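Below are the chains, spelled out letter by letter.
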Amino acid sequence: MSDNSDEEYSWVSKFCSLKGNEFFCEVDSEYIESNFNFISLRNYVPYYKIALKTIRDEECEELESLTEEQEETIESSAEILYGLIHARYILTDEGMRKMAKKYQKGIFGRCPNVFCQKQPCLPIGRSDLPRKDTVKYYCPRCQDIYFPDPKYANLDGAYFGTTFANLLLQWNENLKPESPPRKYVPKIFGFRVHNTVSRYQDFKRSKK
């Protein structure tokens with residue numbers, strides 16, 4: 001192995017290999033090199049130009065005059081920018097192929113619903129704008145969302161967006177679960193609790 005192997009290890013590869021970043025796939029360099037794919041993203045990223053050079057592994061003279069605190073801000077901006085371009089990339093055929101492999105391996109976690117029988121989940125955001133909400137698990141079987149494992153609790157949902165999970169299942173219908181789960185039926189002494197009971201309880205609470 002050559003001495004400069006670490007230098008040849010791209011920023012994108014390093015970022016995706018970090019613990020806690022397992023949900024990300026590596027965006028192709030050709031996609032990152034196209035300015036068209038970055039349209040309007042500068043509005044959400046501080047130090048946008050430097051952050052862009054960072055994820056493209058381009059030399060940046062501006063970095064030489066920055067303080068340690070500013071360097072940390074740049075790195076944070078690069079991570080935000082990569083997350084936002086990642087949300088766009090995973091809507092492409094190649095991006096969905098990469099994410100489908102992760103989904104089939106259960107890398108995105110499994111549904112906590114007992115009746116879903118550990119169905120693999122997909123990452124989903126409740127907003128396409130950054131810093132609005134964190135990522136959630138979406139279960140294709142029960143079609144509900146759940147809080148992820150704590151180590152992903154601070155991951156921005158915008159890095160996966162509101163469209164990806166559902167688009168992937170339309171893109172490849174073989175990824176859809178074969179059957180919906182059974183639903184839990186509440187019972188008291190073996191008798192099913194009628195729906196009117198819960199509606200009556202809700203009515204009483206509304207009157208308090």
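The structure this text deals with has already been given above.
Below is a short write-up of the structure. Along each chain, residue indices are assigned from 1 in the same order as the chain's sequence is written. Side-chain atom pairs in this predicted model are given and counted only at pLDDT of 80 or more, local residue features only at pLDDT of at least 70, and totals for whole chains, interfaces and linings cover all residues. With hydrogens and water set aside, each side-chain value is computed from the structure's full complement of heavy atoms.

## Details of the packing of aromatic side chains
Now for step 1: Pairing of aromatic rings covers Phe, Tyr and Trp, the last counted by its six-membered ring, and requires centre-to-centre distances within 6.5 Å; plane angles under 30 degrees mean stacked, over 60 mean edge-to-face, and any other angle means tilted. Going through the model one piece at a time under the given rule, you end up with 12 aromatic pairs.
Now for step 2: Ring plane angle 70° and centroid distance 5.3 Å describe the contact between Phe 15 and Tyr 82, whose orientation is recorded as edge-to-face. With Phe 15 in helix α2 (residues 11–17) and Tyr 82 in helix α5 (residues 68–89), the pair connects residues that are 67 residues apart, well separated along the chain. Across this residue pair, the class does not change: Phe 15 and Tyr 82 are buried. A helix here means a DSSP run of H or I that spans at least four residues, while a strand means a run of E at least two residues long, and both kinds are numbered starting from the N terminus. Only protein chains enter the accessibility calculation, which uses a 1.4 Å probe; a residue is then buried when its area is under 20% of its type maximum, exposed when over 50%, and partly exposed in between.

## Here we look at the nonpolar core
Now for step 1: Nine residue types can take part in a nonpolar core, namely buried Ala, Val, Leu, Ile, Met, Phe, Trp, Tyr and Cys, and a core is a set of them joined through side-chain atoms within 4.5 Å. Phe 38, Ile 55, Leu 81, Tyr 82 and Phe 160 are the most contacted members of the largest nonpolar core, which has 50 residues in total.
Now for step 2: Contact criterion: two residues are considered in contact whenever any of their non-hydrogen atoms come within 4.5 Å of each other. Excluding residues within four positions of it along the chain, Phe 160 makes contact with Phe 23, Phe 24, His 86, Ala 87, Ile 90, Met 99, Pro 123, Val 135 and Leu 155.

## Quick word on the packing of helix α6 (residues 93–104) against helix α7 (residues 164–171)
Now for step 1: Between N-to-C directions, angles cover 0 to 180 degrees, with each direction set by a line fitted to C-alpha atoms, over the stretch in contact for helices. Two numbers describe how α6 lies on α7: the axes approach to 11 Å, and their chain directions differ by 95°. Considered as vectors, α6 and α7 are oriented roughly perpendicular to each other. Residue-level contacts link Asp 93, Met 96, Arg 97, Met 99 and Ala 100 of α6 to Phe 164, Leu 167, Leu 168 and Trp 171 of α7.
Now for step 2: Grouping the amino acids of the contact of α6 with α7 by side-chain chemistry returns seven nonpolar, no polar and two charged. By the definition adopted for this analysis, an angle is roughly parallel if under 35 degrees, roughly antiparallel if over 145, roughly perpendicular if from 65 to 115, and oblique otherwise. Under the convention adopted here, Pro, Cys and the residues Ala, Val, Leu, Ile, Met, Phe, Trp and Tyr are nonpolar, Asp, Glu, Lys and Arg are charged, and Gly plus all remaining residues are polar.

## Digging into the packing of helix α4 (residues 48–55) against α5
Now for step 1: Axis separation between α4 and α5 bottoms out at 8 Å; the angle between their running directions is 75°. As far as their axial angle goes, α5 and α4 are roughly perpendicular. Where α4 abuts α5, its residues Tyr 48, Ile 50, Ala 51, Leu 52, Thr 54 and Ile 55 lie against Ile 74, Glu 75, Ser 77, Ala 78, Leu 81 and Tyr 82.
Now for step 2: When its residues are assigned to classes, the contact of α4 with α5 shows nine nonpolar, two polar and one charged.

## Focus on the environment of Lys 49
Now for step 1: Its location among the elements puts Lys 49 in helix α4.
Now for step 2: For Lys 49, a relative accessible area of 60% gives the class exposed.
Now for step 3: Considered as a pair, Lys 49 and Ala 78 are 29 residues apart in the sequence and their alpha carbons are 9.6 Å apart.

## Some words on α5
Now for step 1: Residue count minus one, scaled by 1.5 Å, sets the expected span of a helix. In this model α5 runs 31 Å from its N-terminal to its C-terminal C-alpha over 22 residues, within 8% of the 32 Å that 1.5 Å per residue would give.
Now for step 2: Buried residues belonging to α5 abut α2, α3 (29–33), α4 and α6.

## Side note on the sheet that holds strand β3 (residues 144–146)
Now for step 1: Spatially, three strands are ordered β1-β2-β3 in an open sheet, and the strand pairing comes out antiparallel. Strands at the two margins of the open sheet, each flanked by one partner only, are β1 (122–124) and β3. Taken pair by pair, the neighbouring strands of this sheet meet at an average axis angle of 40°, ignoring direction.
Now for step 2: Direction of pairing for strand β2 (residues 136–139) relative to β3: antiparallel, over a ladder of three bridges. Bridge pairing links Cys 139 to Asp 144 in β3.
Now for step 3: Relative to the sheet, α7 contacts β1 and β2, its axis offset from that of β1 by approximately 140°. DSSP calls a pair of strands paired once it identifies at least 2 bridges connecting them.

Note that all results are geometric; they support no functional claim without further evidence.
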